[in-house]
Amino acid sequence: MNTREFGKLGEDSASEYLVSQGYHILGRNVFVGHREIDIIAENEKCIVFAEVKTRRQAPDSNTMFGTPATAVDAKKKQNLISAAEEYIKKNSSDKIPRIDIIEVYVSPFTEEYKVLDIRHYENTVRKSGKFSRDKYKYDNYN
């Protein structure tokens, strides 16, 4: 399985997770200009722009590369903010905009794609560009 296929499977898992949490998926791999948003979803209050990071590692494992969410660097955060702002301009919505990061952990011990956990960090990318975990939401996914 190549990197693109692996990423798509992670986005499939994240989409299924969001639907199970009461979200409606508006779009996947949506290009706004040259910027891509992995998932756009909404619930009764918010329109969510989600960045999905999938890794072959056990949740809470010590890794020198950090958690999947730490792969969202300053440039990516700025691109997410710009894409979300542009999307909202073009597609009016009365819902509260939010940028989330979803981590998908896949078994590192097998070639089979087996989701071990999904972690959903709500409202983690803000205009300041800082990553925040104060709205951290942990959900065990099995």
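To be clear, the structure that these remarks concern was listed above.
Residues numbered from 1 in each chain as written. Predicted model: local features only at pLDDT ≥ 70, side-chain atom pairs only at ≥ 80, totals over all residues. Heavy atoms only, no water.

Novice: Explain the pattern of salt bridges here, please?
Specialist: Close approach of charged atoms lets side chains of opposite charge pair. A full pass over the atoms with the stated rule returns 9 salt bridges. The shortest N-O distance in the salt bridge between Asp12 and Arg28 comes to 2.6 Å. Taken together, the residues span a long stretch of sequence, with Asp12 in helix α1 (residues 3-20) and Arg28 in strand β1 (residues 24-32) at a distance of 16 residues. On the basis of relative accessible area, Asp12 is assigned to the buried category, the value being 19%. Arg28 sits in the partly exposed class, given a relative accessible area of 30%. Residues Lys90 and Glu86 are paired through a salt bridge, measuring 3.2 Å at the closest nitrogen-oxygen approach. (Salt bridge = Lys/Arg side-chain N within 4 Å of Asp/Glu carboxyl O. Helix = DSSP H or I, 4+ residues; strand = E, 2+ residues; numbered from the N terminus. Buried < 20%, exposed > 50% of the residue type's maximum accessible area, 1.4 Å probe, protein only.)

Novice: Which parts of the structure should I look at to understand the environment of Ile99?
Specialist: Relative to the helices and strands, Ile99 resides in strand β4 (residues 96-106). Residue Ile99 is classed as buried on the basis of its relative accessible area, which comes to 8%. Distance in space between the C-alpha atoms of Ile99 and Val48 is 5.7 Å, their sequence separation being 51 residues. Residues within four places of Ile99 in sequence aside, it is in contact with Phe49, Leu80, Ile81, Ala84, Glu122, Asn123, Thr124 and Val125. (Contact = heavy atoms within 4.5 Å.)

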